[in-house]
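Geometric and topological summary
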Amino acid sequence: MTHAAAVPTSNARPADCLVIAGLVPMSTVDWPDHLTATIFTQGCPWNCFYCHNRDLIDTRTPGAVAWQEVRDLLGRRRGLLDGVVFTGGEALRQDCLADAAREVKDMGFQVGLHTAGMYPRRLRDLVEDGLVDWVGLDVKALPEHYAQVVGRPNAAQKVWDSLEVLLASGTDMEVRTTAVPGDVTADDAVEVARRVHEAGARVYALQQARGRGTSGTFPVAAPGWDAQCERMAADIEAMGWERFTYRPA
Ligand code: SF4
């Protein structure tokens, strides 16, 4: 991830207000089968105990990369990159995400988005305006356990509304769940997948939580954890998906 001072310009365009914490100029891991530039936006209203981008949660932290740097990169990478992924933090938190996505589309690139699903109306607007081609949506736990995972009340309905937005629009997407040993995220994962499948999603990923970038206050390994995850993955895969991915830590 590159970090450089965000420099405001006198002839700023709407996308210039996007607060960006970091930019990965070339990535193969943020959008399956796509070569992307990946933009880490600053700020997230949730506080997941296992967040692996904790430095990106604070909404008051100023940007470290100017949008102009993204513009310049994309200008040099035409024909070399498939698209741009906006991740975070929570990219949908910022109003000018739509302006940034529009610029990316206008430059001839596809747009991918990682979201925790907390802004279903903003997601719907982005989808209806044709500004997003693929979404990675986190579904973190069963509704009754959501607050203890994300540290905020009234979260689950927003996530399921976001899933509905994507399913109703036919947007390409991957739903993913991250599991932590000895936690509700692990207890819930198979049932979360079953409900997501029942809702109509057909691409799913189960991910083991990783320790890097986190608070370090929860376990990412335990006796038998790998085997437990492999069993969960097998149970989920057996539900029948167009694509299922298991991502070990
Ligand atoms: S929603 Fe994502 S960025 Fe926000 S706290 Fe949770 S894991 Fe971190």
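Read on for a plain summary of the structure. This is a predicted model, so every value here is computed, not measured. For every chain, the first residue of the written sequence is number 1, and numbering continues from 1 along that sequence. Given that this is a predicted model, residues contribute local features only at a pLDDT of at least 70 and side-chain atom pairs are listed and counted only at 80 or more, while totals for whole chains, interfaces and linings are drawn from all residues. Side-chain calculation: all heavy atoms of the structure are included, whereas hydrogens and water are not.

A few points about the overall build of the chain
Under the convention used in this document: Secondary structure elements are defined from DSSP: runs of H or I of at least 4 residues count as helices, runs of E of at least 2 residues count as strands, and each element is numbered from the N terminus. Note that the radius of gyration is over C-alpha atoms, with the globule rule given as 2.2 Å times the number of residues to the power 0.38. With a 1.4 Å probe rolled over the protein chains alone, any residue whose accessible area is under 20% of its type maximum counts as buried; one over 50% counts as exposed, and the rest are partly exposed. Contacts between residues were defined by any pair of non-hydrogen atoms, one from each residue, lying within 4.5 Å. All accessible-area figures derive from a Shrake-Rupley calculation using a 1.4 Å probe, and residue coverage is judged against the displayed protein chains alone.
Per the secondary structure count, the chain includes seven helices and eight strands. Rg of the C-alpha trace for the chain: 18 Å, near the compact-globule value of 18 Å for 249 residues, within the 12% margin. Relative to its 249 residues, the chain shows a buried fraction of 50%. Within the chain, counting contacts between residues at least 6 apart in sequence, those at least 24 apart form 71% of the total. On the chain, roughly 11400 Å² of surface is accessible, and the fraction owed to carbon and sulfur atoms is 48%.

Here we look at unusual backbone geometry
Here Gly 88 and Gly 89 are connected by a cis peptide whose omega angle stands at 10 degrees. The residue Asp 33 is not glycine, and still its phi comes out positive at about 65 degrees. Relative to the elements of secondary structure, Asp 33 occurs in the loop between β1 (20–27) and β2 (36–41). Phi is positive for Asn 154, close to 55 degrees, though the residue is something other than glycine.

Section: the environment of Ala 249
Mapping Ala 249 onto the fold places it in the segment after β8 (243–247). Relative accessible area serves as the criterion here: at 61%, Ala 249 is assigned to the exposed category. Taking the C-alpha atoms as reference points, Ala 249 and Gly 211, separated by 38 residues in sequence, lie 8.6 Å from one another.

Describing the site of the ligand
The condition is simple: Residues are classed as near a molecule or strand on a simple rule: at least one heavy atom within 4 Å of it. Amino acids are sorted into nonpolar (Ala, Val, Leu, Ile, Met, Phe, Trp, Tyr, Cys and Pro), charged (Asp, Glu, Lys and Arg) and polar (every other residue, Gly among them).
Around the ligand lies a shell formed by Cys 44, Trp 46, Asn 47, Cys 48, Cys 51, Ile 57, Gly 89, Ala 116 and Lys 140. Of the residues in the shell around the ligand, the class split is six nonpolar, two polar and one charged.

Here we look at the pairing of β2
The condition is simple: Any two strands with at least two DSSP bridges between them are considered paired. Crossovers are described as right-handed under a simple rule: with the strands pointing away from the observer, the path leading from the first strand over the helix to the second runs clockwise.
Where burial is concerned, most of β2 is hidden: six out of the six residues are buried. Burial of β2 is two-sided: the residues Thr 36, Thr 38 and Phe 40 facing one way and the residues Ala 37, Ile 39 and Thr 41 facing the other way are all buried. In this structure, β1 lies alongside β2, joined through five bridges in antiparallel fashion. Each residue of the ladder has a partner; that of Ile 20, found in β2, is Thr 41. Bridge count for β2 against strand β3 (residues 83–87) is five bridges, and the pairing is parallel. Along β3, the bridge assignment pairs Thr 38 with Val 85. Handedness of the crossover joining β2 and β3 through helix α1 (residues 67–76) is recorded here as right-handed.

Description of the state of the cysteines
Heads up, the rule is: For the purposes of this analysis, a disulfide is any pair of cysteine sulfur atoms at a distance within 2.5 Å.
Taken as a whole, this structure holds one disulfide when the rule is applied. The partner cysteine of Cys 17 in its disulfide is Cys 96, sulfur to sulfur 2.5 Å. Here Cys 17 is found in the segment before β1, whereas its partner Cys 96 is found in the loop between β3 and α2 (97–106), with 79 residues between them in sequence.

A word on the sheet that holds strand β6 (residues 172–179)
Operational definition: Whenever a helix is involved, its axis is fitted only over the stretch in contact; in every case the axis is a line through C-alpha atoms, and angles between N-to-C directions fall within 0 to 180 degrees.
Pairing is mixed in the open sheet, where eight strands are placed in the order β1-β2-β3-β4-β5-β6-β7-β8. The sheet terminates laterally at β1 and β8, the two strands that pair on one side only. In this sheet, neighbouring strand axes are inclined to one another by 15 degrees on average, regardless of whether the strands run parallel or antiparallel. Of the strands in this sheet, β1, β2 and β3 are in contact with α1, which crosses β1 at around 10 degrees. Across the sheet, helix α5 (residues 156–169) touches β5 (134–138) and β6, and the angle it forms with β5 is around 155 degrees.

Notes on the nonpolar core
A general tendency of soluble globular proteins is for nonpolar side chains to be buried together. For clarity, the cut-off: Nine residue types can take part in a nonpolar core, namely buried Ala, Val, Leu, Ile, Met, Phe, Trp, Tyr and Cys, and a core is a set of them joined through side-chain atoms within 4.5 Å.
In this structure, Trp 67, Phe 86, Leu 113 and Val 196 are the most contacted members of the largest nonpolar core, which totals 76 residues. Ignoring anything within four residues of it in the chain, the contact list for Val 196 reads Val 139, Trp 160, Leu 163, Val 175, Ala 201, Tyr 204 and Trp 241.

Some thoughts on the packing of α1 against α2
For the record, the criterion: An angle below 35 degrees is treated as roughly parallel, one above 145 as roughly antiparallel, one from 65 to 115 as roughly perpendicular, and anything else as oblique. A clockwise turn of the near helix away from the far one marks a right-handed crossing, whereas an anticlockwise turn of less than a right angle marks a left-handed crossing.
Two numbers describe how α1 lies on α2: the axes approach to 11 Å, and their chain directions differ by 15 degrees. Our classification of the angle between α1 and α2 gives roughly parallel. The handedness of the crossing between α1 and α2 comes out as right-handed. Contacts from Trp 67, Arg 71 and Leu 74 in α1 reach Ala 100, Glu 103 and Val 104 in α2. Here the contact of α1 with α2 is composed, by residue class, of four nonpolar, no polar and two charged.

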